[in-house]
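A look at the structure
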Amino acid sequence: QVQLVESGGGLVQAGGSLRLSCAASGRTFTAYAMGWFRQAPGREREFVTSINQSGGAAYYTDSVAGRFTISRDNAKDTVYLQMNSLKPEDTAVYYCTADQAIFAHTRQPYRWNYWGQGTQVTVSS
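Below is a summary of the structure that appears in this document.

About the criteria used
- Residues numbered from 1 in each chain as written.
- Predicted model: local features only at pLDDT ≥ 70, side-chain atom pairs only at ≥ 80, totals over all residues.
- Heavy atoms only, no water.
- Helix = DSSP H or I, 4+ residues; strand = E, 2+ residues; numbered from the N terminus.
- Rg over C-alpha atoms; globule rule 2.2 N^0.38 Å.
- Areas by Shrake-Rupley, 256 points an atom, 1.4 Å probe, with all protein chains shown as cover.
- Lys, Arg positive; Asp, Glu negative; His and termini not counted.
- Charge placed at Lys NZ, Arg CZ, Asp CG, Glu CD.
- Buried < 20%, exposed > 50% of the residue type's maximum accessible area, 1.4 Å probe, protein only.
- Pairing = 2+ DSSP bridges.
- Axes fitted to C-alpha atoms, helices over the stretch in contact; angles between N-to-C directions.
- Core = buried A, V, L, I, M, F, W, Y, C linked by side-chain atoms within 4.5 Å.
- Contact = heavy atoms within 4.5 Å.
- Salt bridge = Lys/Arg side-chain N within 4 Å of Asp/Glu carboxyl O.

Here the focus is the overall build of the protein. Helix and strand counts for the protein stand at zero helices and 11 strands. From first element to last, N terminus to C terminus, the protein shows the α and β order β-β-β-β-β-β-β-β-β-β-β. Here the protein has a C-alpha radius of gyration of 13 Å; the compact-globule value for 125 residues is 14 Å, and the two agree. Reported as C-alpha extents along the three principal axes, the dimensions of the protein are approximately 40 × 30 × 25 Å. Carbon and sulfur atoms make up 46% of the accessible area of the protein, which amounts to about 6200 Å² in all. Computing the positive centroid from 11 side-chain charges and the negative centroid from 9, the protein places the two 2 Å apart.

Here's what the structure looks like:
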(Lines give C-alpha, C1' and ligand atoms only; values in the text may rest on other atoms or scores of the structure.)
Protein backbone atom coordinates (compact mmCIF):
# COMPACT_ATOMS: atom_id res chain seq x y z
CA GLN A 1 0.00 0.00 0.00
CA VAL A 2 1.18 3.54 -0.74
CA GLN A 3 0.31 6.72 1.14
CA LEU A 4 -0.02 10.01 -0.73
CA VAL A 5 0.16 13.52 0.70
CA GLU A 6 -0.52 16.55 -1.48
CA SER A 7 0.66 20.10 -0.83
CA GLY A 8 0.96 23.40 -2.64
CA GLY A 9 -2.65 24.42 -3.17
CA GLY A 10 -3.90 27.92 -2.48
CA LEU A 11 -5.51 31.05 -3.84
CA VAL A 12 -4.15 32.63 -7.00
CA GLN A 13 -5.34 35.21 -9.49
CA ALA A 14 -6.26 34.24 -13.02
CA GLY A 15 -3.14 34.00 -15.15
CA GLY A 16 -1.01 33.00 -12.19
CA SER A 17 0.82 29.78 -11.41
CA LEU A 18 0.92 27.15 -8.70
CA ARG A 19 2.94 23.99 -8.22
CA LEU A 20 1.37 21.03 -6.46
CA SER A 21 3.45 18.29 -4.90
CA CYS A 22 2.48 14.77 -3.94
CA ALA A 23 4.81 12.84 -1.67
CA ALA A 24 4.47 9.06 -1.69
CA SER A 25 5.51 6.61 0.99
CA GLY A 26 5.07 3.00 1.83
CA ARG A 27 6.05 1.11 -1.29
CA THR A 28 8.44 1.33 -4.22
CA PHE A 29 7.51 4.59 -5.90
CA THR A 30 8.79 3.53 -9.29
CA ALA A 31 6.24 0.73 -9.42
CA TYR A 32 3.38 3.21 -9.60
CA ALA A 33 1.85 5.22 -12.35
CA MET A 34 0.84 8.58 -10.88
CA GLY A 35 -1.98 10.94 -11.70
CA TRP A 36 -3.84 14.08 -10.76
CA PHE A 37 -7.59 14.41 -10.74
CA ARG A 38 -9.75 17.33 -9.65
CA GLN A 39 -13.24 17.83 -8.36
CA ALA A 40 -15.18 21.07 -8.36
CA PRO A 41 -18.30 21.56 -6.19
CA GLY A 42 -21.28 19.75 -7.64
CA ARG A 43 -19.21 18.03 -10.28
CA GLU A 44 -17.72 14.59 -10.71
CA ARG A 45 -14.06 13.92 -10.16
CA GLU A 46 -12.25 14.36 -13.46
CA PHE A 47 -8.91 13.34 -14.92
CA VAL A 48 -6.32 16.09 -15.25
CA THR A 49 -3.02 14.39 -16.05
CA SER A 50 -0.98 11.27 -15.44
CA ILE A 51 2.54 9.99 -15.88
CA ASN A 52 3.96 6.52 -16.27
CA GLN A 53 6.38 4.79 -13.93
CA SER A 54 9.55 5.97 -15.65
CA GLY A 55 8.32 9.49 -16.30
CA GLY A 56 8.77 8.98 -20.01
CA ALA A 57 5.12 9.37 -20.94
CA ALA A 58 2.55 11.90 -19.74
CA TYR A 59 -1.08 12.44 -20.59
CA TYR A 60 -3.31 15.50 -20.25
CA THR A 61 -6.93 16.36 -20.55
CA ASP A 62 -7.52 18.82 -23.37
CA SER A 63 -8.48 21.72 -21.12
CA VAL A 64 -5.07 21.81 -19.40
CA ALA A 65 -2.75 20.71 -22.22
CA GLY A 66 -0.13 23.37 -22.81
CA ARG A 67 -0.74 25.00 -19.42
CA PHE A 68 -0.09 22.19 -16.92
CA THR A 69 2.95 19.93 -16.68
CA ILE A 70 3.23 16.74 -14.67
CA SER A 71 6.63 15.44 -13.62
CA ARG A 72 8.06 12.99 -11.13
CA ASP A 73 11.26 12.73 -9.17
CA ASN A 74 11.79 9.05 -8.48
CA ALA A 75 14.70 9.82 -6.17
CA LYS A 76 12.37 11.87 -3.94
CA ASP A 77 9.24 9.71 -4.33
CA THR A 78 7.36 12.81 -5.39
CA VAL A 79 5.16 13.81 -8.31
CA TYR A 80 4.57 17.44 -9.24
CA LEU A 81 1.92 19.37 -11.10
CA GLN A 82 3.05 22.72 -12.44
CA MET A 83 0.01 24.81 -13.30
CA ASN A 84 0.48 27.95 -15.39
CA SER A 85 -1.98 30.41 -16.92
CA LEU A 86 -4.58 29.39 -14.38
CA LYS A 87 -8.23 30.10 -15.07
CA PRO A 88 -11.20 30.39 -12.72
CA GLU A 89 -12.53 27.14 -14.15
CA ASP A 90 -9.45 25.37 -12.78
CA THR A 91 -10.81 25.94 -9.28
CA ALA A 92 -11.25 22.56 -7.59
CA VAL A 93 -9.85 20.17 -5.04
CA TYR A 94 -6.90 18.45 -6.66
CA TYR A 95 -6.20 14.83 -5.78
CA CYS A 96 -3.05 12.83 -6.30
CA THR A 97 -3.52 9.20 -7.23
CA ALA A 98 -1.38 6.12 -7.78
CA ASP A 99 -1.71 2.60 -9.04
CA GLN A 100 0.74 -0.11 -10.02
CA ALA A 101 -1.57 -2.27 -12.12
CA ILE A 102 -2.93 0.29 -14.53
CA PHE A 103 -2.11 1.93 -17.82
CA ALA A 104 -0.90 5.43 -17.02
CA HIS A 105 -3.37 6.98 -19.48
CA THR A 106 -6.40 5.57 -17.63
CA ARG A 107 -8.88 8.38 -17.06
CA GLN A 108 -11.61 6.73 -15.00
CA PRO A 109 -11.10 7.61 -11.34
CA TYR A 110 -12.59 4.34 -10.08
CA ARG A 111 -9.74 2.43 -11.68
CA TRP A 112 -7.05 4.17 -9.63
CA ASN A 113 -6.46 2.48 -6.31
CA TYR A 114 -4.69 4.99 -4.02
CA TRP A 115 -5.65 8.59 -3.31
CA GLY A 116 -4.38 11.52 -1.32
CA GLN A 117 -6.57 13.73 0.82
CA GLY A 118 -6.73 16.52 -1.74
CA THR A 119 -5.57 20.12 -1.84
CA GLN A 120 -7.73 23.13 -2.68
CA VAL A 121 -6.86 25.32 -5.66
CA THR A 122 -8.86 28.51 -6.03
CA VAL A 123 -8.38 30.83 -9.00
CA SER A 124 -9.95 34.26 -8.71
CA SER A 125 -11.03 36.27 -11.73
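Another point: the pairing of strand 8 (residues 78-83). Of all six residues in strand 8, five are buried; the element is thus mostly enclosed. Here six bridges tie strand 7 (residues 68-73) to strand 8, and the two strands are oriented antiparallel to one another. By the bridge assignment, T69 is partnered in strand 8 with Q82. Here strand 7 hands over to strand 8 after four residues, with D77 in that stretch at a positive phi of 55 degrees.

A few words on the sheet that holds strand 8. Sheet strands pair via backbone hydrogen bonds, and the direction of the pair is either parallel or antiparallel. The antiparallel open sheet is built from four strands, whose spatial order is 1-3-8-7. The open sheet terminates on both sides in strands that have one partner only, identified here as strand 1 (3-7) and strand 7. The sheet shows a mean angle of 15 degrees between the axes of neighbouring strands, taken without regard to direction.

Moving on, we come to the nonpolar core. Formed by 27 residues in total, the largest nonpolar core has its most connected members in L4, M34, W36, F68, V79, M83 and Y94. Elements that contribute at least two residues to this core include exactly strand 3 (18-25), strand 4 (33-39), strand 5 (46-51), strand 7, strand 8, strand 9 (92-99) and strand 11 (119-124). Filtering out sequence-adjacent residues up to four positions away, Y94 remains in contact with E6, L20, W36, F37, R38, V48, F68, L81, M83, G118, T119 and V121. Grouped together as the second largest cluster of nonpolar side chains are six residues, A33, F37, F47 and A104 included.

What follows covers the pattern of salt bridges. Per the counting criterion, the structure on display carries three salt bridges. Note that R38 and D90 form a salt bridge whose closest N and O atoms lie 2.9 Å from each other. Separated by 52 residues along the polypeptide, R38 in strand 4 and D90 in the loop between strand 8 and strand 9 bring together distant segments of the chain. Overall, R38 belongs to the buried group, its relative accessible area being 5%. Where salt bridges share partners, they join R38, E46, R67 and D90 into one cluster.

Taken by themselves, the reported measurements are silent on function.
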